Amino acid sequence: MSNLPNNNGWPSNNEPNHDGRSGRWAFWHSRPWVRQLAFLLVMLVGIGYLLRSSISNTAIQRIDAGLLHSVQRSTLAEPVAMVDREFANAWREHGLEPTNDADDYLVMRRLSLALTGMPPSLEQIRWVEQIPVDQRLDQYLAHLLQNKPTHDYVAERLTRSWIGAEDGPFIVFRRQRFVAWLSQQLAENRRYDAVVREMLTARGLWTDHGPVNFFSAQADPDKDNRLDLVRVTGRVSRNFLGMRIDCLQCHNDFTGATEFGSSEERREGLQTDFHSIASFFGQLSLAPTGLHDRLEAPTYEVELLGDKEPTPIPAAVPFGNEWANWEDAKLQSSDLPLRNHFADWLTHQNNRPFARAFVNRMWAQLLGRPLVEPIDNIPLHGPFPPGLEVLTDDFIASGYDIRRLISVIVHSQPFLRDSRGQHELTPAHEEHWASFPATKLRPEQMAGTISQVASLIALDDSTHIITQLVRFGEESDFMTRYGDLGDQEFEQDGETVSQRLLLLNGAMASERLRGEGGLPFNSVVQIERLGQTPDQIVELLYLIVLTRKPTRHELEVITPVIEEDRRAGIEDLLAVLVNSSEALWNH
């Protein structure tokens, strides 16, 4: 039978040709131009997908109506008014005149840096500009709270505090599993107390169950990956009680730095206070089969200062026995692991230090520094600064609603104040929150700024996978070279010469912010195409870097540079703006 084309114009699929190969295979083999054309089409489809990703409008999406209602100022009027009233009283007491309201662009930048680690994209800015002025903050806040980049970024920030920034013992620790689990809890807006309770009572394999990694991160590789209960106790007390009691592991407190007991019967911290908390975790066992509890384990022992032999230390709490709901004998004979009882005590609604510690941390996340410093050392019995107790009350009453807590802080006067004043500002203005505190961007925010500035669209989970991989690699390298603050990221340090040079000449900034030879579809290329006049180009550059429009004077000075050489002018101005103090500080 002849090898003639069939009705579709293709050779018969089953009929062999003269060399024994099938007709369709011979058709492709004898016409290399067809293979080349097919390859070209595949490449064009891929490039088209990248291009579509680079100009798609991901910011304009449906916002959940229930979420929007829950974050609106009108919904939160009562707690916001109570917070504002306490700060207003403090300003009058100290004779401080607060600054004016910050404009919408600046508030948007603060919010985006706090919740995503990046400034707003041009796409998001243009979207917000279309919203009525009185609805902009509510809608932009709701937009961020429902998006995955916010969940991932806040989860990473909490992870750094809860388990550290290190990779940990490889065999028994999977850091990314913990971050992914925590991000999912934030996406679901799960109760904060439920999240912590699940984490402290988790069991199983670290590869299967994310929260197990809270404990496995504290394994000591030099001791066959046995849990370091001192580190566990330190992490728990700092993060979930807001108390630095690490010094009590070795001796009693003779300086008055720690205070326990009730408000009526206060006492100094004892060495046994630290180890009584550690005793709750003494039944834990980390084995190849996972994290488990050995209920038959002997009572936790430690050699106290001045002793020559280890002393058994029963599990006990340094305050709040009235809501512990247990007796020592009953606790030791319980069928439940001791840490389950501790988790119940810790997350009890009467345990105000638990809620207070998280309120202080979220305030720092949004405003750059905490209400109480250091962030993890809040006095048990006060005194407390304005706003802290009101926010703690509302956080508990709302069922530990994290989104509500964020929203109340965002709508409060300290967050909405300008960092610059129409009058002379003194250090007391920032100290008492009469002006927004200017804080240097953290390393990951600097890296995020460079990444976002290089793209006109929002970098989120809808961004092409290649772009996400490139960004991850570049930002990780930048963090390594610049210096990672680890779990002390709210402690401000000065900038070194090498750090400034990295921003000026580093590979990430050099490659991201160039047109010729840079990444395709980056902001330089797109702004050159989108900007019809030099004035428009300058405005676009100011919006993507500083989240504001240029002043008339800035336009007069910079426009001639763009007119002389459009591509070179865009690249130079972009580099100057990215390295300006205005871009490198949250204000």
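About the cut-offs
- Residues numbered from 1 in each chain as written.
- Predicted model: local features only at pLDDT ≥ 70, side-chain atom pairs only at ≥ 80, totals over all residues.
- Heavy atoms only, no water.
- Phe/Tyr/Trp six-rings, centres within 6.5 Å; stacked < 30°, edge-to-face > 60°.
- Buried < 20%, exposed > 50% of the residue type's maximum accessible area, 1.4 Å probe, protein only.
- Core = buried A, V, L, I, M, F, W, Y, C linked by side-chain atoms within 4.5 Å.
- Contact = heavy atoms within 4.5 Å.
- Helix = DSSP H or I, 4+ residues; strand = E, 2+ residues; numbered from the N terminus.
- Polar contact = N/O pair within 3.5 Å; in protein donor to acceptor, adjacent residues only side chain to side chain.
- 1 Å grid on protein atoms, 1.4 Å probe; cavity = no way out; pocket = protein on both sides within 12 Å on 5 of 7 lines; lining within 4 Å.
- Points joined across faces, edges and corners; volume = space filled by probe spheres on them.
- Nonpolar A, V, L, I, M, F, W, Y, C, P; charged D, E, K, R; others polar.
- Expected span 1.5 Å × (residues − 1).
- Salt bridge = Lys/Arg side-chain N within 4 Å of Asp/Glu carboxyl O.

Participant: Explain the packing of aromatic side chains to me, and be specific about the residues and the numbers.
Facilitator: Tallied over the entire structure, the rule returns 23 aromatic pairs. Measuring from ring centre to ring centre gives 5.4 Å for Phe-395 and Tyr-400, while their planes differ by 80°; the resulting arrangement is edge-to-face. Its relative accessible area of 1% is what places Phe-395 among the buried residues. With a relative accessible area of 2%, Tyr-400 lands in the buried category.

Participant: Give a description of the nonpolar core that names residues and reports values.
Facilitator: Core analysis: the largest hydrophobic core is formed by 148 residues, its most contacted members being Trp-162, Tyr-192, Phe-214, Phe-240, Phe-281, Phe-342 and Leu-366. Sequence-distant contacts of Leu-366, defined by excluding residues within four places in its chain, comprise Leu-111, Ala-114, Leu-115, Ile-406, Ile-409, Val-410, Phe-415 and Phe-436.

Participant: Account for the side chain of His-151, with residues named and values stated.
Facilitator: Turning to its location among the elements, His-151 is positioned in helix H8 (residues 148-163). When its relative accessible area of 7% is taken as the criterion, His-151 is described as buried. Among the polar contacts listed, one links the side chain of His-151 to the backbone oxygen of Leu-145, at a separation of 2.8 Å. Apart from residues lying up to four places away in sequence, His-151 is in contact with Leu-145, Gln-146, Ser-183, Leu-186, Ala-187 and Arg-403.

Participant: Residue-level account of empty space enclosed by the protein, with values.
Facilitator: Scanning the entire structure with this criterion turns up six cavities of 30 Å³ or more. Approximately 110 Å³ is the volume found for the largest cavity. Lining the largest cavity are 14 residues, and of these Thr-116, Gln-124, Pro-149, Ala-458 and Leu-459 lie nearest its centre. Listing elements by their share of the lining of the largest cavity, those giving two or more residues are helix H5 (104-116), helix H7 (136-145) and H8. Taken together, the residues of the lining of the largest cavity sort by class into seven nonpolar, six polar and one charged.

Participant: Go over H8 with me, naming the residues and quoting the values.
Facilitator: Structural remark: α-helix, 3.6 residues per turn; residues separated by three or four positions point the same way. Between its first and last C-alpha, H8 extends 22 Å over 16 residues, near the 22 Å set by a 1.5 Å rise per residue. Burial runs high along H8: 14 of the 16 residues are buried. Downstream of H8 by one or two residues, Gly-164 has phi in the positive range, about 100°.

Participant: Explain the layout of surface pockets residue by residue, including any values.
Facilitator: Unfilled space is identified by rolling a water-sized probe across the atoms. Volume-wise, the largest pocket comes out at about 1300 Å³. Around the largest pocket sit 32 residues that line it, and Glu-156, Gln-176, Phe-472, Glu-475 and Ser-476 are the ones nearest its centre. Sorting elements by how many residues they give to the lining of the largest pocket places helix H22 (residues 465-482) first, with nine residues. Considering only residue class, the lining of the largest pocket consists of 10 nonpolar, nine polar and 13 charged.

Participant: Tell me about the pattern of salt bridges, and please be specific about residues and values.
Facilitator: In the structure shown here, the tally under the stated rule is 29 salt bridges. The partner of Arg-126 in a salt bridge is Glu-129, and the shortest N-O contact between them spans 3.0 Å. Taken together, the residues Arg-126 and Glu-129, both in helix H6 (residues 122-129) and three residues apart, mark about one turn of the helix. For Arg-126, a relative accessible area of 29% gives the class partly exposed.

By themselves, these figures tell us nothing about what the structure is for.
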